[in-house]
Amino acid sequence: MGEVIRGVLLQQFLQTLLGLLVVVAEDEDVLVDDEFELNRYHQNWNNFGTQLGLKQYFASFEHIIIPLAYWYLIPLLKFVAAMIILDTWQYFMHRLFHQNSFLYRHIHSRHHLLYVPYAFGALYNHPVEGFVLDSVGASLAFKMSGLATRGAMLFFSFATLKTVDDHCGYDLPFDPIQLIFGNNSLYHDIHHQVYGIKMNFSQPFFTIWDRILGTYMPYPPVSKPSTPKVETTKIKIFSLKDYLANGGDEINIKDFEKSVTTGNSPLRYNLRPRKAVSSL
């Protein structure tokens, strides 16, 4: 546990440092003047209405459409785009770390020491893996989607929360994250088992790439019940006269009749268990 906590703290420190470099070093790109942007949206809306010859009609809805689009719709689209970008990056990098024996043995295998995942170990990775999969992937999602600083903060926080929930080790029926996303704790727990280690590479949000590329395993394999082996038994049918002819005598005829009734034949013919000769 101590090693896991130290590894996670190191990972969080490195990610925070990279986040500061990405956000603070490019201050002009990520700090948005909302008033300026809203005015630009109004101008573009009016120009669009003018080109369609519907400027007056567009103007009547301007006070509703512009704030709704600026504060909610466009940020939501960017958020979803960032999720898809991060999922794409992590799927192919995660799969590479499994299929390349050197990368798995020396880097990714550290995370799979937790064959029974738990929340503290969600970000227990080799520093190289943490940088390539998590830090670079999240930075690319942030930059390519065009998220503003507020959106990026929400996105990074939600991605971390989702990753911790995926590694919690419990299939919780009341957990909204596990209900909404098919890529949940049960799905990722399969990946940490021997039978699923080459499956379920998608993380942390969707299962799109697993479905497309044939690595989708939504449930643990169900072991098939073993089919009982059927043996064919040959039964020799004979009369008491035959029995006497084969060396029997009158003294144990009654014993033989009793054995036929109970199914315990004194002459063994490889009878099936619990099956009386008289019933055959």
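Computed from a prediction, not measured in an experiment: that's the story for all the values here. (Residues numbered from 1 in each chain as written. Predicted model: local features only at pLDDT ≥ 70, side-chain atom pairs only at ≥ 80, totals over all residues. Heavy atoms only, no water.)

With that settled, the discussion passes to the environment of Phe120. Structurally, Phe120 can be placed in the loop between helix H5 (101-106) and helix H6 (127-145). Along the sequence, Phe120 and Val164 sit 44 residues apart, while their C-alpha atoms lie 7.4 Å from each other. (Helix = DSSP H or I, 4+ residues; strand = E, 2+ residues; numbered from the N terminus.)

For the rest of this paragraph, the subject is the nonpolar core. Of all hydrophobic cores here, the largest spans 13 residues; its most connected members are Met83, Leu86, Phe155 and Phe205. Of all the secondary structure elements, the ones that give two or more residues to this core are helix H4 (55-99), H6 and helix H7 (149-166). With four residues, H4 is the largest single contributor of residues to this core. (Core = buried A, V, L, I, M, F, W, Y, C linked by side-chain atoms within 4.5 Å. Buried < 20%, exposed > 50% of the residue type's maximum accessible area, 1.4 Å probe, protein only.)

Looking now at the confidence of the model for the protein. Averaged over every residue, the pLDDT of the protein is 79; residues scoring 70 or more account for 75%. Contacts of residues 259-280 to residues separated by more than four positions or lying in other chains number 26 contacts, the stretch itself having pLDDT below 50. (pLDDT = per-residue confidence, 0-100. Contact = heavy atoms within 4.5 Å.)

The grouping of Phe48, Leu52, Leu54, Tyr57, Phe61, Ile64 and Ile65 at the surface amounts to a nonpolar patch, some 650 Å² of accessible area in total. For the nonpolar patch, the leading source of residues is H4, giving four residues. Structurally, Leu54 can be placed in the loop between helix H3 (34-51) and H4. The exposure class assigned to Leu54 is partly exposed, which follows from its relative accessible area of 39%. (Patch = residues over 30% accessible without salt bridge, like charges linked within 9 Å, V, L, I, M, F, W, Y side chains within 5 Å. Areas by Shrake-Rupley, 256 points an atom, 1.4 Å probe, with all protein chains shown as cover. Salt bridge = Lys/Arg side-chain N within 4 Å of Asp/Glu carboxyl O.)

Counted under the stated rule, the structure contains 16 aromatic pairs. Here Tyr41 and Tyr70 contribute two aromatic rings whose centre-to-centre distance is 5.2 Å and whose plane-to-plane angle is 85 degrees, an arrangement assigned as edge-to-face. Here the residue Tyr41 occupies a position in helix H3, and Tyr70 occupies one in helix H4, the gap between them amounting to 29 residues. The pair formed by Tyr41 and Tyr70 is uniform in burial state, with each residue classed as buried. (Phe/Tyr/Trp six-rings, centres within 6.5 Å; stacked < 30°, edge-to-face > 60°.)

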